Amino acid sequence: MRKFLAAACLLLAAQFAAADDLPVIAGLKAFRAPMERIVAEGAKGRDADLAAISAAYADADKAWKLATGEPMDMEAYGIPAERQEEAWREVRMMGMLVGYLDEAVKRGDRTLMLRAAGLLQPAYDKLAARLGIR
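Quick caveat, the model's predicted, so the values are computed rather than measured.

Trainee: Before we go on, may I ask you to explain the overall build of the chain in this structure?
Mentor: Regarding its fold elements, the chain presents five helices and zero strands. Seen in sequence order, the chain has helices and strands lined up from the N terminus as α-α-α-α-α. Across the chain, the fraction of contacts at a sequence separation of at least 24, relative to all contacts at a separation of at least 6, is 70%. Carbon and sulfur atoms form 58% of the exposed surface of the chain, whose accessible area is close to 8200 Å².

Here you go:
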């Protein structure tokens, strides 16, 4: 009986730990550091180093692809049905900003890069809060 209880406890603990490893959670956690570098550099305005933003964007893009590489089941992330549309809007907003950064990096468009960098932190914070990422 003790072995059964110990095994059941281990399985339950593994399930709770696995929630942190869900693709969107893992991807957003990986996205945080390069996003913060992009935002910090973008905050410099005209003095921003576009090469630094481009380098950080490469890491952010990989993390975003990790986050969105698999279909997202909102219920698996603990989002109630009445809040799922808002969550999808936040995911789409992040995707749009990552797309803007991609386009800006490819074209070397400083204005678009700085605009996207300025909007990235609030969008990330909103989505991270919705998913319970600290």
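There is more to say after this.
Trainee: Just checking my understanding: could you explain the environment of M93 for this structure?
Mentor: Take M93: it is sitting in helix 4 (residues 84–107). In this structure, the C-alpha to C-alpha distance between M93 and L127, residues 34 residues apart in sequence, is 9.3 Å.

Trainee: Would you mind going over the nonpolar core with me for this structure?
Mentor: Buried together is how nonpolar side chains tend to be arranged in soluble globular proteins. Core analysis: the biggest nonpolar cluster contains 37 residues, and F31, I38 and L131 have the highest contact counts within it. Put simply, the parts of the chain that give this core at least two residues each are helix 2 (23–42), helix 3 (50–68), helix 4 and helix 5 (110–131). Residue contributions to this core peak at eleven residues, all from helix 5. Filtering out sequence-adjacent residues up to four positions away, I38 remains in contact with I53, A56, Y57, A60, L101, A117 and L120.

Trainee: For this particular structure, what's the right way to read the pattern of salt bridges?
Mentor: Side-chain pairing between opposite charges can occur once the charged atoms of the two side chains come close. Taken as a whole and assessed by the stated rule, the structure comprises eleven salt bridges. With its nearest N and O atoms 2.9 Å apart, the salt bridge here joins E90 to R130. With a gap of 40 residues between them, E90 in helix 4 and R130 in helix 5 connect regions that are remote in the sequence. Here R130 falls in the partly exposed class, since its relative accessible area comes to 25%. The shortest N-O distance in the salt bridge between D109 and R107 comes to 3.0 Å. Linked by salt bridges that have partners in common, R83, E86, E90 and R130 make up one network.

Conventions we followed
Residues numbered from 1 in each chain as written. Predicted model: local features only at pLDDT ≥ 70, side-chain atom pairs only at ≥ 80, totals over all residues. Heavy atoms only, no water. Helix = DSSP H or I, 4+ residues; strand = E, 2+ residues; numbered from the N terminus. Contact = heavy atoms within 4.5 Å. Areas by Shrake-Rupley, 256 points an atom, 1.4 Å probe, with all protein chains shown as cover. Core = buried A, V, L, I, M, F, W, Y, C linked by side-chain atoms within 4.5 Å. Buried < 20%, exposed > 50% of the residue type's maximum accessible area, 1.4 Å probe, protein only. Salt bridge = Lys/Arg side-chain N within 4 Å of Asp/Glu carboxyl O.

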